Amino acid sequence: MNLQPGRRASAAVVAAALLCAGAATTAAEATGSPTGGSTAAPSLDQLAVPFARPGFKEQEFDGALLVGEGQTRFSLAFDMVSPAGKVIDDNMVPYIKRIGPVTPDGSYYEIDVSTDDGSVTAESIGALKAMLAHPEDWTAAEVAKATTELPKQEAAYEAIQKNAREIRIRYSVTGAGEIVGSATALTDDTTVYLQASAPWSEPSTYTQDGATGIVATSAGVRDATVTGNFRLDSTRTPDSVATYASVAEMNKGLVGKAAQAGDGVVAQKYTLARGETVAFHAQTSTAALTPARMSTGAVTKVLDHARTAADDGTIHGQGPTGQAATYMRDAMALNDNWDEKYDRSFVMWGWGGGGDDIFLGWDSGWDAITELSVDPATALDHIRDFYDHGGPRYDQLNAGPMHAYAAWRAYTRTDDTSILKLVYPVMAKYIARMPEFDTDGDGLLESPWAGERQGGRGNHLGLDDSPQYWNYQEIDKVGGSDPTRENTNMTDVALNSYYGLLADTLARMAQVLGDDAGQAQYTALHEKLYDRMNARLWNSERGMDLNRYLDGSWEPTVTPTVFYPLFGGLATPERAASMVRDHLENPAEFGGDYVIPSVARNDPAYCAAGHTNPSTSSYRYYQSPGEEDACEEWQGAVWPPMNATVYDGLKRYGLDDAAAELADKSTALWLTTWKDLGWFPEYWDSEPGQVFNSAATTTAFHTYSWSNLMPLMSTSELIGDEPWGEADGFRFGSAGLHGTNTVSDVPLKGHLWSVTAGPKKTTLRRDGATVVTMTGGRAVARDVVIAETGGLTVTTDAPLTVSVDLPGGGHHTVTVHAGTTQVRWTPTSVTTS
């Protein structure tokens with residue numbers, strides 16, 4: 001199971017004991033041990049049945065999925081109906097008001113849900129009032145529009161708030177296939193339905209049993225000879241009970257419409273006053289299930305304990321970085337999902353919940369990388385699920401490179417070679433196709449022609465309508481495997497950087513897998529790209545890599561893709577350093593507080609939504625009424641995968657100061673939205689002062705998984721794998737995160753690691769025991785191997801005392817000077833060089 005040995009599994013056993021005892025004791029009392037201090041890393045086995053998981057069925061964040069032997073599957077949920085007749089059942093994203101704590105193993109799950117979808121807010125009304133208070137700052141048309149819009153929004157807002165109802169939903173997995181949960185009204189006169197239903201409309205029967213019970217049976221989806229049983233017992237008698245043929249019919253019936261009765265759903269109705277709670281216990285098994293009704297207080301006690309223990313054995317921390325790591329865990333765990341087609345867990349990518357299946361573009365590659373720092377077992381399942389569905393898209397030419405990179409990162413974090421064996425042959429075929437976009441045969445790739453493709457020019461890399469692609473011209477392609485796209489006349493810096501990344505990644509995979517010929521082939525390709533990129537795409541006058549047309553002229557638009565050669569390992573160290581110094585850190589281009597804009601701030605193509613209002617500081621910048629997705633997108637917005645690409649390139653080249661600054665700013669931006677709005681959005685505006693939040697735009701994508709790359713950067717500052725270093729080593733410490741920060745229980749290479757880093761001291765702990773302390777200044781340690789014979793390479797700007805406590809009991813202390821020093825040790829000696 002995807003439970004952590006030594007903590008999570010025992011917690012479930014203890015919780016089960018609490019259930020039997022009516023929650024008369026706490027878990028710490030029952031075990032005779034404190035609830036904190038995990039000692040083992042999570043198991044990487046595939047999630048075993050039976051299991052229960054909250055929020056595990058796509059877009060049903062208010063519910064839970066229970067799966068038994070033979071893939072017998074059942075679901076339950078807390079639904080709401082507002083006084084205005086709005087049913088909150090599916091596509092929950094707009095209605096989630098607060099998230100967390102949420103744990104990857106389902107031991108605790110908490111969200112607040114409202115019938116208010118945020119379509120009209122007090123902030124948007126305030127912005128309109130500010131506009132009308134200073135009409136001299138706006139055009140006559142804008143003032144007229146605001147004059148018309150203001151009374152409409154005020155009336156709509158008043159009606160929404162009058163009818164708004166809100167509940168707090170909590171779940172806790174208490175055993176194999178067993179879960180408890182509750183819904184507490186945060187408003188008066190709140191109508192809640194506790195319903196059990198067939199997930200994915202699979203054949204099963206649901207009936208009411210007595211006053212408070214729901215029972216169901218289902219045949220196994222994978223083994224029809226297996227019959228699974230389900231039982232739910234609520235803690236109070238419902239106001240009424242109704243049965244329906246399906247969830248769709250239920251949604252009609254809940255608002256008084258004619259609905260077909262049947263045995264597909266049982267819905268128990270509860271009318272709750274503010275502070276009142278309805279709770280339940282539910283279980284699935286192939287054995288017969290007897291009633292297990294508990295009191296609301298008993299369930300609440302189990303949930304309260306689970307909430308207290310939510311950080312035990314899961315990534316969390318202190319300081320801005322640690323706080324963001326905790327919330328990142330909540331966000332990623334919220335988006336964990338079950339693929340009913342291939343019986344695997346995966347991470348939903350966004351888009352109002354993510355849809356039914358894993359996304360085959362570059363998004364889900366980044367999601368795997370983030371998930372590796374939260375729950376490696378789900379990350380590995382996510383990767384396998386991706387290939388179950390056919391593997392990377394070829395119409396997005398960065399999908400292959402990014403998923404190869406994700407698989408390599410999975411290996412460097414888990415040492416699981418099975419992932420490499422799965423991915424390597426697929427990616428070998430993928431890279432063999434890519435030269436069809438080398439228009440002139442010089443070894444570098446040109447952008448494919450967009451034609452009428454959705455996303456327009458730039459969609460070949462997920463950079464929809466990025467202005468750097470506005471001016472290329474179509475050229476007929478001769479041959480190739482993709483008849484849907486012609487070639488163009490523009491050599492593409494970003495595309496060739498991904499091409500280089502894929503070549504380098506495959507060379508590393510080949511070395512691990514013992515494919516000497518493949519290693520030589522891909523190493524030679526990477527070296528060829530390195531030479532060609534530096535010879536053709538470096539613009540010495542502007543000091544950066546730029547897209548270039550086949551006639552030798554340059555595409556002048558400057559975007560963060562100028563830094564992508566670092567990600568692909570294709571920049572010279574000198575050019576990498578100069579680009580960072582002269583451009584990335586230049587506030588006129590890519591610097592500032594809200595970074596990194598997707599077009600340089602001083603570029604003519606740069607766009608930020610909204611308007612400047614010099615008279616009203618509180619609303620000095622915001623989107624116009626009705627604008628949702630304004631011009632900024634890939635023309636100026638801050639995009640998490642773009643930041644993460646640049647960040648990983650900086651770490652690859654050892655530019656640790658710049659990496660720490662980018663991680664700091666990215667995390668701060670992400671935290672403002674999480675704290676203000678409870679969102680982790682798709683992107684941010686690159687200028688402060690948006691009406692809803694200082695930078696968040698009000699798109700539909702409030703729970704977008706790649707958003708979590710922003711806090712992942714600062715988490716990785718403290719500890720992370722080193723994909724370009726020694727494969728059996730890792731990295732810890734930061735050259736410049738502000739203040740003192742701690743991340744704890746980070747899963748990596750079969751252990752749980754904790755790091756505390758401050759201006760004068762950095763401490764590394766493995767499974768709760770201190771193993772390395774660096775005192776005297778900030779430091780970054782690479783190629784770290786904690787073993788009787790091991791070592792690290794430390795970079796610092798001040799003299800350090802490095803103390804090492806070996807797992808077997810040995811101890812070494814050594815002093816290193818400013819600069820970079822290799823420290824190597826055996827049980828009896830230590831050397832530096």
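Residues numbered from 1 in each chain as written. Predicted model: local features only at pLDDT ≥ 70, side-chain atom pairs only at ≥ 80, totals over all residues. Heavy atoms only, no water.

**Quick word on the overall build of the protein**
Right, on to step 1. Each helix and strand in the protein was counted, giving 18 helices and 38 strands.
Right, on to step 2. Going through the 833 residues of the protein one by one, you find that 61% of them count as buried.
Right, on to step 3. Considering only contacts in the protein between residues 6 or more positions apart, those separated by 24 or more positions represent 67%.
Right, on to step 4. As displayed, the protein has an accessible area near 28000 Å², and 51% of this comes from carbon and sulfur atoms. (Helix = DSSP H or I, 4+ residues; strand = E, 2+ residues; numbered from the N terminus. Buried < 20%, exposed > 50% of the residue type's maximum accessible area, 1.4 Å probe, protein only. Contact = heavy atoms within 4.5 Å. Areas by Shrake-Rupley, 256 points an atom, 1.4 Å probe, with all protein chains shown as cover.)

**Details of the environment of Asp657**
Right, on to step 1. Summarising the element assignment, Asp657 is placed in helix H17 (residues 656-677).
Right, on to step 2. As for Asp657 and Ala735, which are separated by 78 residues in sequence, their C-alpha atoms are 5.5 Å apart.

**Examining the pattern of salt bridges**
A pair can form between side chains of opposite charge whenever their charged atoms are brought close.
Right, on to step 1. Applying the stated rule across the entire model yields 38 salt bridges.
Right, on to step 2. When the shortest N-O distance is used, the salt bridge between Arg165 and Asp189 registers 3.7 Å. Here the residue Arg165 occupies a position in the loop between helix H4 (140-163) and strand S7 (166-175), and Asp189 occupies one in the loop between strand S8 (178-185) and strand S9 (190-197), the gap between them amounting to 24 residues.
Right, on to step 3. Given the relative accessible area of 46%, Asp189 is considered partly exposed.
Right, on to step 4. As a salt-bridge pair, Lys749 and Asp415 come within 3.2 Å of each other at their nearest N and O atoms. Within this pair, whereas Lys749 is found in the loop between strand S29 (741-748) and strand S30 (751-757), its partner Asp415 is found in the loop between helix H10 (399-414) and helix H11 (417-433), the two being separated by 334 residues in sequence.
Right, on to step 5. Residue class for Lys749 comes out buried when judged on its relative accessible area of 14%.
Right, on to step 6. Through salt bridges that share partners, Lys651, Asp656, Glu717, Glu722, Arg731 and Arg782 make up one connected network. (Salt bridge = Lys/Arg side-chain N within 4 Å of Asp/Glu carboxyl O.)

**Considering the environment of Ala224**
Right, on to step 1. Looking at the element boundaries, Ala224 is found in the loop between strand S11 (213-219) and strand S12 (227-234).
Right, on to step 2. A sequence separation of 153 residues divides Ala224 from Gln71, and the C-alpha atoms of the two residues are 9.1 Å apart.

**Considerations on the packing of aromatic side chains**
Right, on to step 1. Under the defined criterion, the tally for this structure stands at 36 aromatic pairs.
Right, on to step 2. Through pairs of rings, three or more aromatic residues link up here, namely Trp349, Phe359, Trp362, Trp634, Trp639, Tyr683, Tyr704 and Trp706.
Right, on to step 3. The ring of Tyr394 carries Arg433 above its face, with NZ or CZ at 3.6 Å from the centroid.
Right, on to step 4. The ring of Tyr394 is capped by Arg485, whose NZ or CZ atom sits 5.9 Å from the centre of that ring. (Phe/Tyr/Trp six-rings, centres within 6.5 Å; stacked < 30°, edge-to-face > 60°. Lys NZ or Arg CZ within 6 Å of the ring centre and 35° of its normal.)

**Some words on the side chain of Glu446**
Right, on to step 1. Note on placement: Glu446 falls in the loop between H11 and strand S19 (474-475).
Right, on to step 2. A distance of 2.7 Å separates a polar atom in the side chain of Glu446 from a polar atom in the side chain of Thr491.
Right, on to step 3. The contacts of Glu446, once residues within four sequence positions are left out, are Phe437, Asp438, Thr439, Asp440, Thr488, Asn489, Met490, Thr491, Asp492, Leu495 and Leu550. (Polar contact = N/O pair within 3.5 Å; in protein donor to acceptor, adjacent residues only side chain to side chain.)

**What to know about the sheet that holds S7**
Right, on to step 1. The sheet built from eight strands is open, its strands ordered S5-S6-S7-S8-S15-S12-S11-S10 with antiparallel pairing. Two strands close off the open sheet at either side, each with one partner strand: strand S5 (96-102) and strand S10 (204-209). Averaged over all neighbouring strand pairs, the angle between strand axes comes to 15°, with direction disregarded.
Right, on to step 2. Pairing of strand S6 (residues 109-114) with S7, which is carried by six bridges, proceeds in the antiparallel orientation. (Pairing = 2+ DSSP bridges. Axes fitted to C-alpha atoms, helices over the stretch in contact; angles between N-to-C directions.)

**Side note on the packing of helix H8 (residues 363-372) against H10**
Right, on to step 1. Packing of H8 against H10 leaves a shortest axis separation of 8 Å and a crossing angle of 10°. Between H8 and H10, the crossing angle belongs to the class labelled roughly parallel. Pair H8 / H10 crosses with left-handed handedness. Seen from H8, the contacting residues are Ser364, Gly365, Trp366, Ala368, Ile369 and Leu372; seen from H10, they are Met402, His403, Tyr405, Ala406, Arg409, Ala410, Arg413 and Thr414. (Parallel < 35°, antiparallel > 145°, perpendicular 65-115°, else oblique. Left-handed = near helix turned anticlockwise from the far one by under 90°.)

**Describing the sheet that holds strand S27 (residues 719-721)**
Pairing between sheet strands relies on hydrogen bonds along the backbone, with the strands arranged either parallel or antiparallel.
Right, on to step 1. As summarised here, the arrangement of the six strands in space is S27-S28-S33-S34-S37-S38, forming an open sheet in which the pairing is antiparallel. The open sheet has two free edges, formed respectively by S27 and strand S38 (830-832), since each of these has just one partner strand. In this sheet, adjacent strand axes meet at a mean angle of 20° when their direction is disregarded.
Right, on to step 2. Pairing between strand S34 (residues 790-796) and strand S37 (residues 819-825): seven bridges, direction antiparallel. Its bridge partner being in S37, Leu792 is matched across the sheet by Val823.

**Considerations on unusual backbone geometry**
Right, on to step 1. For the bond from Gly100 to Pro101, the omega torsion is 0°, close enough to zero to count as cis.
Right, on to step 2. Tracing the chain through its elements places Pro101 in strand S5.
Right, on to step 3. Note that the residue after Val595, namely Ile596, is joined by a cis bond; omega there is 0°.
Right, on to step 4. With respect to the helices and strands, Ile596 occurs in the loop between helix H15 (573-584) and strand S25 (611-612).
Right, on to step 5. Even without a glycine there, the phi angle at Asp343 is positive, about 60°.
Right, on to step 6. Of note, Asp343 is situated in the loop between strand S17 (336-339) and strand S18 (344-347).
Right, on to step 7. Notably, Asp745 is not glycine yet its phi reads approximately 55°, a positive angle.

**Thoughts on H4**
Right, on to step 1. An ideal rise of 1.5 Å per residue puts 34 Å on 24 residues; H4 measures up with 35 Å between its terminal C-alpha atoms.
Right, on to step 2. Largest kink in H4: about 30°, centred on Glu149, with the proline Pro151 one to four residues after it.
Right, on to step 3. Every buried residue of H4 is accounted for by Val143, Ala146, Leu150 and Gln153. (Expected span 1.5 Å × (residues − 1). Bend = angle between axes of the 7 residues up to and from the residue.)

**Brief notes about the confidence of the model for the protein**
Right, on to step 1. When the pLDDT values of the protein are averaged, the result is 89; 89% of them are 70 or greater.
Right, on to step 2. In the model, residues 1-14 has pLDDT below 50 throughout and makes 46 contacts with residues more than four positions away in sequence or in other chains.
Right, on to step 3. Note on residues 21-42: pLDDT under 50 across the span, and 42 contacts to partners over four residues away in sequence or across chains. (pLDDT = per-residue confidence, 0-100.)

**Focus on helix H6 (residues 296-308)**
Right, on to step 1. In a regular helix each residue adds 1.5 Å, so 13 residues correspond to 18 Å; H6 covers 18 Å between its end C-alpha atoms and thus fits that length.
Right, on to step 2. Every buried residue belonging to H6 is among Ala298, Val299, Val302, Leu303 and Ala306, and all of these are buried. All buried residues of H6 project into a common sector of 135° when viewed along the axis, lining one side. (Arc of directions from axis to C-beta.)

**Overview of the environment of Ser295**
Right, on to step 1. Looking at where Ser295 falls in the secondary structure, it is placed in the loop between strand S15 (277-285) and H6.
Right, on to step 2. For Ser295, a relative accessible area of 42% translates into the label partly exposed.
Right, on to step 3. Taking C-alpha positions, Ser295 is 7.9 Å from Arg236, a pair spaced 59 residues apart along the chain.

**A closer look at the packing of helix H16 (residues 640-652) against helix H18 (residues 709-718)**
Right, on to step 1. Axis separation between H16 and H18 bottoms out at 9 Å; the angle between their running directions is 20°. What the angle tells us is that H16 and H18 run roughly parallel. Along this stretch, H16 crosses H18, giving a crossing that reads as left-handed. Every residue of H18 that contacts H16 at Pro640, Pro641, Asn643, Ala644, Tyr647 and Lys651 is listed here: Leu709, Met710, Met713, Ser716 and Glu717.
Right, on to step 2. Split by residue class, the contact of H16 with H18 holds seven nonpolar, two polar and two charged. (Nonpolar A, V, L, I, M, F, W, Y, C, P; charged D, E, K, R; others polar.)

**Some points on the side chain of Asp79**
Right, on to step 1. Summarising the element assignment, Asp79 is placed in strand S3 (residues 72-81).
Right, on to step 2. Of the side chains bearing the opposite charge, Lys57 lies closest to the buried Asp79, which forms no salt bridge; the N-O distance is 10 Å.
Right, on to step 3. A distance of 3.1 Å separates the side chain of Asp79 from the side chain of Gln195, its partner in a polar contact.
Right, on to step 4. The residues contacting Asp79, other than those within four sequence positions of it, are Asp62, Ile88, Asp89, Thr191, Val192, Tyr193, Gln195 and Met250. (Lys, Arg positive; Asp, Glu negative; His and termini not counted.)

**Observations concerning the pairing of strand S36 (residues 811-816)**
Right, on to step 1. Along S36, the buried face is formed by His812, Val814 and Val816; none of His811, Thr813 and Thr815, which line the opposite face, is buried.
Right, on to step 2. Strand direction decides the pairing type here: strand S35 (residues 800-805) and S36, joined by six bridges, are antiparallel. Bridge pairing in S36 places Thr801 opposite Thr815.
Right, on to step 3. Linking S35 back to S36 in an antiparallel pair, the connection comprises five residues, with Gly809 at a positive phi of about 115°.

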